[in-house]
Amino acid sequence: PWARLEVPVLLTGTFVVLLDVFIVNVAIPSLRADLGASAAAIQWVVAGFALTFGCGLLVGARLGDRFGRRRIFMIGMALFTLASAVCGLADTSGQLIAGRIAQGAAAALLNPQILAIISASRVGAARARAVTAYAVTMGMAAASGQLIGGALTHADVAGLGWRGCFLINVPVGVAALALAPRAIRESRATDGAPAGADAAAGARRAGGVDVLGAVLASAALFALVLPLVQGREAGWPLWAWVLLGVAAVGLGEFVAYQRWRARRGRAVLVDLAMFRERAFSVGLAAAALFFTTIASLFLFLALYLQSGLGLNAMDAGLVFTQMCAGYLLTAFGGRPLVRRLGRTALALGAVEMAAGLGLLALAVDHIGTDGAIGWLSGPLVVIGAGMGMVMVPLTEVVLAGVTPRLAGTASGMLATVQQVGNALGVAIVGTIFFGALPDAADPADYPRALNLAIAYLAPACVASAVLLLLLPGRRAGAGSTARTADTAGSSAPVATSAAEPAGTAAPAR
């Protein structure tokens, strides 16, 4: 009977991680007022989570391979639960940011284990059912996150207000931790490996953890995001420009270090051989650019709805459900089009999202600060439909042209870039959005700020569409590449290691 609980317990981890990506947006105005948070601080509340999540994904996957996926899942869930409590009990914006950064790091531990455990313990129809449940869970978390956040903030249960958005994770996490030891089977990358010295050496390499590489990459990315978030408020001082230079140097050092480890046969965080394949390098660039639009759109639209139009958190969450309706429509109904058109379907989705953003800008102009918000409905549905057409099949389409040997690592790297793109987008668009607001902003200033943000978001979607069209002309269903679940590309990394067969990390179909 315990085995029947394995998938539900694992999907609890999927749900709380994805929920925390979305739930916080509609709570931002309330927590900003309660904690006296600056514009930079609320950007860090979103970007800090995404950045540590993205930076830690590959390391988290490799730790699961080496030390046991159930063990790392439980450690990640315990840390995520503790970090959620820190966020919910924070008295200052600094404490909240620290909690969010810790949440992201914990999510990077638990999230890669989920599909890896499902794939290691199931085959055939059982695996397909579990992967479908995983996809549905992701969609439900994305669709309900804004609404749940708005409902918890508006209901103000026990006077918690916005804090309930974080504290709700505590009982859920405790329950998952209580069930995990019996419900989840342990597995490692070496399970089922052939005997012999060569196999042992390969297993050691697959299970190796490149700690220094992870530190170099994380430090370089933080050096890039920090001045983008803090520089505007500080008046773009010298240190901001110095850090941008440090980020460039740090990324160069990271690449050189990965090459050095690869030449010596050691485990690497990123297999640079992947970038010689056009499918991967172009796909990665397209994903990085497209995902700079996702978290930033949710955050700054929430600020416009509440601080500009005066909606409460619950009403703002209801507005977001219209975007989520469009997302679910194409996420689960657009598969035939993707199978038929492949990369072209994704490019059309990105163009559709750009068109929706253009319509949103017109609606914002029409509404002003006191017009009928019904004008937002059509644009939001179009935006959501374009988003779903890109996000859901992105990994499958990109990996269709990647050598099967590299598919597992490429999948994880793509998911990492998506989260880093979210963080960079919040930093870049935040500079535009808050730069358009005076120090004592009133509701009339928010429409212009949002439309200036859209002036970045819409062209970024079009540019990502152009990049998607440069992918090799293979359809999503073609080729023998081992691939992730249909929706894993939107946020779930399933990579384990460069030397591990892709099927260990994700179902080969």
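Residues numbered from 1 in each chain as written. Predicted model: local features only at pLDDT ≥ 70, side-chain atom pairs only at ≥ 80, totals over all residues. Heavy atoms only, no water.

### Some words on the overall build of the protein chain
Summing up its helical and strand segments, the protein chain has 21 helices and zero strands in all. Within the protein chain, buried positions represent 58% of all 509 residues. Here the contacts in the protein chain between residues at least 6 apart in sequence split such that 83% fall between residues at least 24 apart. About 18100 Å² of surface is accessible on the protein chain, with carbon and sulfur atoms providing 66% of the total. (Helix = DSSP H or I, 4+ residues; strand = E, 2+ residues; numbered from the N terminus. Buried < 20%, exposed > 50% of the residue type's maximum accessible area, 1.4 Å probe, protein only. Contact = heavy atoms within 4.5 Å. Areas by Shrake-Rupley, 256 points an atom, 1.4 Å probe, with all protein chains shown as cover.)

### Topic: the packing of helix α13 (residues 294-308) against helix α20 (residues 446-469)
Between α13 and α20, whose axes approach to 9 Å, the crossing angle comes to 165°. Taken together, the axis directions place α13 and α20 in an arrangement best described as roughly antiparallel. Note on packing geometry: the crossing formed by α13 with α20 is left-handed. The segment α13 lies against α20, with S296, L297, F300, L301, L303, Y304, S307 and G308 engaging Y446, P447, L450 and L457. A class-by-class count of the residues in the contact of α13 with α20 yields nine nonpolar, three polar and no charged. (Axes fitted to C-alpha atoms, helices over the stretch in contact; angles between N-to-C directions. Parallel < 35°, antiparallel > 145°, perpendicular 65-115°, else oblique. Left-handed = near helix turned anticlockwise from the far one by under 90°. Nonpolar A, V, L, I, M, F, W, Y, C, P; charged D, E, K, R; others polar.)

### A few points about the pattern of salt bridges
Counted by the stated rule, this structure contains five salt bridges. A salt bridge links E6 to R185; the shortest N-O distance between them is 2.7 Å. Pair noted here: E6 is in helix α1 (residues 6-22) and R185 is in the loop between α8 (169-183) and α9 (197-207), with a separation of 179 residues, a long-range link. Across the pair D20 and R100 runs a salt bridge whose closest N-O atoms are separated by 3.7 Å. (Salt bridge = Lys/Arg side-chain N within 4 Å of Asp/Glu carboxyl O.)

### Brief notes about the side chain of T292
Looking at the element boundaries, T292 is found in the loop between α12 (278-291) and α13. In this structure T292 comes out as buried when scored by relative accessible area, which is 6%.

### Observations regarding the packing of aromatic side chains
For the coordinates displayed, the defined rule picks out 13 aromatic pairs. Consider the rings of F275 and F280, whose centres lie 5.3 Å apart with planes at 75°: the pair is edge-to-face. Relative accessible area serves as the criterion here: at 33%, F275 is assigned to the partly exposed category. An angle of 90° between the planes, with centres 5.3 Å apart, marks the rings of F433 and F434 as edge-to-face. For the pair formed by F433 and F434, the shared burial category is buried. Among the aromatic residues, those joined into a cluster by ring pairs are F300, F433, F434 and Y446. (Phe/Tyr/Trp six-rings, centres within 6.5 Å; stacked < 30°, edge-to-face > 60°.)

### Observations concerning the confidence of the model for the protein chain
For residues with low pLDDT, the predicted coordinates do not support detailed interpretation. Averaged over all residues, the pLDDT of the protein chain equals 82, while 87% of them reach at least 70. No element of the protein chain has a lower mean pLDDT than helix α21 (residues 502-505), at 32, and none a higher one than helix α4 (residues 69-88), at 95. The model gives residues 193-207 a pLDDT under 50, and that stretch makes 13 contacts with residues more than four places away or in other chains. The low-confidence segment residues 475-509 (pLDDT under 50) makes 122 contacts with residues lying over four places distant or belonging to another chain. (pLDDT = per-residue confidence, 0-100.)

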